[in-house]
Every structure is written in structure tokens, then in C-alpha cells.
Amino acid sequence: MTFKELGLIPAILRTLEEQGYKKPTPIQQQSIPILLKGRDLLGCAQTGTGKTAAFAIPIIQHLSAPHNEPAGRRKIKALIITPTRELATQIADSFTVYGKYTNLKNTVIFGGVKQRAQVDALRKGVDILVATPGRLLDLINQRKISLRDIEYFVLDEADQMLDMGFIHDIKKVIAMLPKQRQSLFFSATMHPKIVTLSKQILGNPERVTVQPEQTTAEKVEQSLYFVTKGNKIKLLIYLLQMNHMDSVLVFSRTKHGANKIVKLLDREGFRSAAIHGNKSQTARELALNNFKKGDLKILVATDIAARGIDIDELSYVVNYDLPNVPESYVHRIGRTGRAGSSGMAISFCDAAERAYLRDIEKLIAKKITVVHEHPYINDGLESESLQPERKHGHKRRPKPAAKPKGSGGRKNYWNKKKTGGSSRSSN
Ligand code: AMP
């Protein structure tokens, strides 16, 4: 199946070609025909499956049809709600890319920053609005936004919306939408609460499910290190030195923990940055951009902040803390091993995290391979392990020199003094 066979217009085919998209991903193959027919859609898919293009492309195609040419000031015809600023920005960027050869305009609004620039952009007129729920309601209440002309409504990452307590905001927004519209609802999981919410939004939807989470998990090589809480930072530094990790996303359960990891890494000469809800939008964007460009090799994140981070070629995920919600483990490791490439997920487990480990292994229906050979092994924990399968050493290690020197070798990405930036960029 090609994009052309999906019946896309030349303006979209051109940009997809420029993006190097060879063929539609499964969610795109399934969703685009449904959406082009004008049907409502209930999609069970997570970030990384290509779902943004799956909903953005049909919306762009509809809105760029000649009869939709704006007469007078543009009115918001498509509304996409998503839980985090990062996701909102990425979705808006995707609309800009996929709609590059159309006459459509989009903008993005989210909280935590002054509203002035966002209001200015809205005043100029946009066809497509991507928003987080809080700021959207604020601006609706201030009469800066009207939902009167919405024809397309997308609720993205619904399960995360519920986790983050946005349910009331979402219900308020839904109540304001015109009855006559096309609605799309995406969620990585389909808990009963999600299904109930979806029924309030969708008419008689078609359902599309892609890539059960376990499938993503299977592509990622997973390993487990038993270690005391106090030794986690030493183990992290040891692994960074041994493995030459090009891009590593380190997960901390708490914001405070993330800051602490950055500080301790810094003390050892490893540049990193934390992204979490307490960081300013500017700081988060800067860290993310530097990471995407390859200038920064280590990003330390909490689950909420990392959801939806779209980074191609992320080679390692390190679960510095195991998540207490097992589904988060699958989300985390899904950050690597994207788009068919293989990835590595390394998890640290201290005594207090054994119960979390059990829940995770139950969810993914397999035991994570324990690495026994490392200097910080916590023997007490190891002997308790139920792990039947043993693995000696980490697959990608050892590489002899931790920090190669000299112009002929790799750049030393880890030292504070940068020796030159990589020009790789994603997106
Ligand atoms: P998403 O699930 O929307 O976050 O997309 C994940 C990543 O896949 C993004 O970096 C997209 O640019 C990329 N992507 C989306 N569709 C395709 C495609 N058909 N071929 C290759 N890459 C794609």
C-alpha cells in the first residue's frame, strides 16, 4: 500500500516524499481511508506508531479542498486536544510539515507561558488549533477562541488526559463543540473509563487498533541491573562510560530525583538536562532541541514530561527508577526501538522496587534479562531473583576505552567542554 493508493492529494504526497516516508504505517493504512470517508474513529495506538500523520493528513486534505477556501478571516475548523505542551508542539509542527504545500494555517496553545503571543496568532486567524485543555478553556472563557466552526475534533492521548486529571476540562470543551462534526479519539490503552469517555465524544465510530504495546516492547532489548539505591548513580556513570550511548533518555520517578541525577552527572563531567513539569517551557524546549540535534546526549525525564517526546534514533532508555505503574514501563521503553529500529532499555532495580518489577514482568509476560556482571551488583537482591535466564554482561559492552581521545576517534560527547556538535537532527 502506498500513500498514493490511499487517495491523497498531490500537495500532501509531495511533502510526504520530502519527509522520506516510503509507505503508510499500519495506523495510517487503516485510519486514513476511514477518516477520508468522514467517519468517526476510535484509535488504540500510542505515540511512535505514526498516529499524528494518520489524523493530520485527512484533516489537511479535507480542509484544503477548494470549497473550504477561507472567505474572510480564517475560522478554527479543526481542534486537536492533547495533554502536554511537548505533544501539542509536536502535533502543530506535524501539521505545518504535512500541510506545507497547502494554504492552511495552524497554531498551538498551552499553559505555563504568557498568552499574549498565542492570542496574537489566533487573532490573525487559523484553520487548525492544537491545544492543551487548561489554556484552551482559559482562552475560550476570555472569548479569544470560539469553537462554533469546528468540523474536526481530535482527542489525543486520552488515557494520559485522564491520568492528569483533565476529564472535567475535556467534558466542558465537548459540551461546546458543534454537534455536526467528525471526531477522532486516540488512546494507548482502552480502560473502561476511556471507553465511557469515548462514547461521549464519538458517534458510531470505526475502531482501529495497532501495535499492541507488548509488540513494541518485544523489539527492544531489555536488561535489568540489581543495585542499591545509593549506587544507582555510580552504575549509570559506569554504563555511560562503557557503552558510548549516543542518545540516552534516563527516567526518574520524581522531578526532584531528575534534578538530582543531572546534578550528580554534572559533578562527574557528564552534561545532561532534566525535563519535567517544574521546568519552564523555554528550558524544556531548549533541552529537547539540544537533545534532538545531538548536542546533548543525556536527557533526564519524568514519565509525564517524556510522554510523546518524538526522537528518532534514541538508542537507550535507562529506567533509573522503575515506574510504579507497569504500563509506564512499556511507554518508557517504547521511546527507543521506534520505526523498526532496535533499541536498548536498561532498568535499575533496588530493594524497594521489587514489587514494581514483578508487576512489570507480569504485564510484559516475560522476565527481563538480568545483567550479573557489573561492579555495583546488589547480591542480596540478585539471589532473590526469580530470573531463570542468565546473561553475562551487556551485549554492547565492553568497548575498551571509555572516552576516546584524538581527532581520529569519536567525539567525546560526555565531557562538559564540547569538542564539536553532531549535525544530526530529527525532524
Ligand atoms: P507519531 O506516532 O505520530 O508520534 O510518529 C512517530 C514518528 O514516525 C514521527 O517521527 C514521524 O515523523 C514518523 N512517521 C510517521 N509516519 C511515517 C511514515 N509513514 N514513514 C516513516 N516515518 C513516519
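Residues numbered from 1 in each chain as written. Predicted model: local features only at pLDDT ≥ 70, side-chain atom pairs only at ≥ 80, totals over all residues. Heavy atoms only, no water.

Undergrad: I would appreciate a short explanation of the overall build of the protein in the present structure.
TA: Of the regular secondary structure elements, the protein holds 17 helices and 15 strands. Here the protein holds 427 residues, and 56% of them are scored as buried. Restricting the contact set of the protein to residue pairs at least 6 apart, pairs at least 24 apart contribute 76%. Here the protein displays about 19100 Å² of accessible surface, and carbon together with sulfur accounts for 50% of that area. (Helix = DSSP H or I, 4+ residues; strand = E, 2+ residues; numbered from the N terminus. Buried < 20%, exposed > 50% of the residue type's maximum accessible area, 1.4 Å probe, protein only. Contact = heavy atoms within 4.5 Å. Areas by Shrake-Rupley, 256 points an atom, 1.4 Å probe, with all protein chains shown as cover.)

Undergrad: Whenever I open this one, the environment of Asn278 confuses me. Can you help?
TA: Of note, Asn278 is situated in the loop between β10 (272-275) and α13 (281-293). As for Asn278 and His256, which are separated by 22 residues in sequence, their C-alpha atoms are 9.3 Å apart.

Undergrad: Looking at this model, I keep getting lost on the nonpolar core. Mind explaining?
TA: One recurring pattern in soluble globular proteins is that nonpolar side chains are buried together. Formed by 37 residues in total, the largest nonpolar core has its most connected members in Leu8, Phe55, Ile57, Ile59, Ile80, Phe95 and Val130. The set of elements that each furnish at least two residues to this core consists of α1 (10-19), α2 (26-36), α3 (51-63), β2 (78-81), α4 (85-98), β4 (128-131), β5 (152-155) and β6 (182-187). Of all the elements, α3 adds the most residues to this core, at eight residues. For Ile80, the contacting residues outside a window of four places in its chain are Phe55, Ile91, Phe95, Ile128, Leu129, Val130, Ala131 and Val154. (Core = buried A, V, L, I, M, F, W, Y, C linked by side-chain atoms within 4.5 Å.)

Undergrad: Hey, could you run me through the sheet that holds strand β7 (residues 206-209) in this one?
TA: Sheet strands pair via backbone hydrogen bonds, and the direction of the pair is either parallel or antiparallel. With respect to topology, seven strands assemble into an open sheet ordered β3-β4-β2-β5-β6-β1-β7, the strand pairing being parallel. Only two strands of the sheet have a single partner each, and these edge strands are β3 (106-109) and β7. On average, each strand axis in the sheet is inclined to that of its neighbour by 15°, with strand direction left out of account. Relative to β4, β2 runs parallel, the two being bridged by four bridges. Note that in β4 the partner of Leu79 across the bridge is Leu129. This element, α2, spans β1 (41-44), β6 and β7 of the sheet and lies at about 165° to β7. (Pairing = 2+ DSSP bridges. Axes fitted to C-alpha atoms, helices over the stretch in contact; angles between N-to-C directions.)

Undergrad: Could you clarify how one ought to interpret the site of the ligand in this entry?
TA: In the vicinity of the ligand lie 14 residues, with Tyr21, Gln28, Gly48, Gly50 and Thr52 positioned nearest. Here Tyr21 contributes a side-chain N or O atom positioned 2.5 Å from an oxygen atom of the ligand. Between the ligand and Thr52, the relevant distance is 2.5 Å, taken from an oxygen atom to a side-chain nitrogen or oxygen of the residue. Relative to its unbound accessible area of 500 Å², the ligand is 83% covered by the protein chains. Tallied by class, the residues present in the shell around the ligand amount to three nonpolar, seven polar and four charged. (Near = heavy atom within 4 Å. Polar contact = N/O pair within 3.5 Å; in protein donor to acceptor, adjacent residues only side chain to side chain. Nonpolar A, V, L, I, M, F, W, Y, C, P; charged D, E, K, R; others polar.)

Undergrad: Got a minute to help me understand the side chain of Arg85 in this structure?
TA: Examined against the element boundaries, Arg85 turns out to sit in helix α4. Despite being buried, Arg85 has no salt bridge partner; Glu86 is the closest side chain of opposite charge, sitting 5.9 Å away. Dropping the residues within four chain positions of it, Arg85 is found in contact with Phe110, Gly111, Gly112, Thr132, Lys279, Ser280, Gln281 and Arg284. (Lys, Arg positive; Asp, Glu negative; His and termini not counted. Salt bridge = Lys/Arg side-chain N within 4 Å of Asp/Glu carboxyl O.)

Undergrad: I tried to follow the packing of aromatic side chains on my own but got confused; where do I start?
TA: The final tally for this structure, using the stated rule, is six aromatic pairs. Ring centres of Phe55 and Phe95 lie 6.3 Å apart, and the angle between their planes is 45°; this geometry places the pair in the tilted category. Within this pair, whereas Phe55 is found in helix α3, its partner Phe95 is found in helix α4, the two being separated by 40 residues in sequence. Under the relative-accessibility criterion, Phe95 is labelled buried at 3%. For the ring pair Tyr238 and Tyr376, a centre distance of 6.4 Å and an interplane angle of 80° mean the geometry is edge-to-face. Placement of Tyr238 in helix α11 (residues 232-243) and of Tyr376 in the loop between β14 (369-371) and α17 (379-384) is noted, with a sequence separation of 138 residues between them. (Phe/Tyr/Trp six-rings, centres within 6.5 Å; stacked < 30°, edge-to-face > 60°.)

Undergrad: Would you explain the pattern of salt bridges in this entry?
TA: For side chains bearing opposite charge, pairing can occur when the charged atoms are close. Scanning the model with the defined rule gives 14 salt bridges in all. The closest approach of N and O atoms between Lys51 and Glu157, which form a salt bridge, is 3.3 Å. Of the two residues, Lys51 is situated in helix α3 and Glu157 in the loop between β5 and α7 (158-163); the sequence distance between them amounts to 106 residues. Of the two residues examined, Lys51 and Glu157, each falls in the buried class. The salt bridge involving Arg253 is made with Glu353; its shortest N-O contact spans 3.3 Å. Residue Arg253 is found in the loop between β9 (248-251) and α12 (255-267), and its partner Glu353 is found in the loop between β13 (343-349) and α16 (354-364); the two are separated by 100 residues along the sequence. On the basis of relative accessibility, which here comes to 32%, the residue Arg253 falls in the partly exposed class. Taken together, the salt bridges that share partners define one network made up of Lys232, Arg253, Asp321, Asp350 and Glu353.

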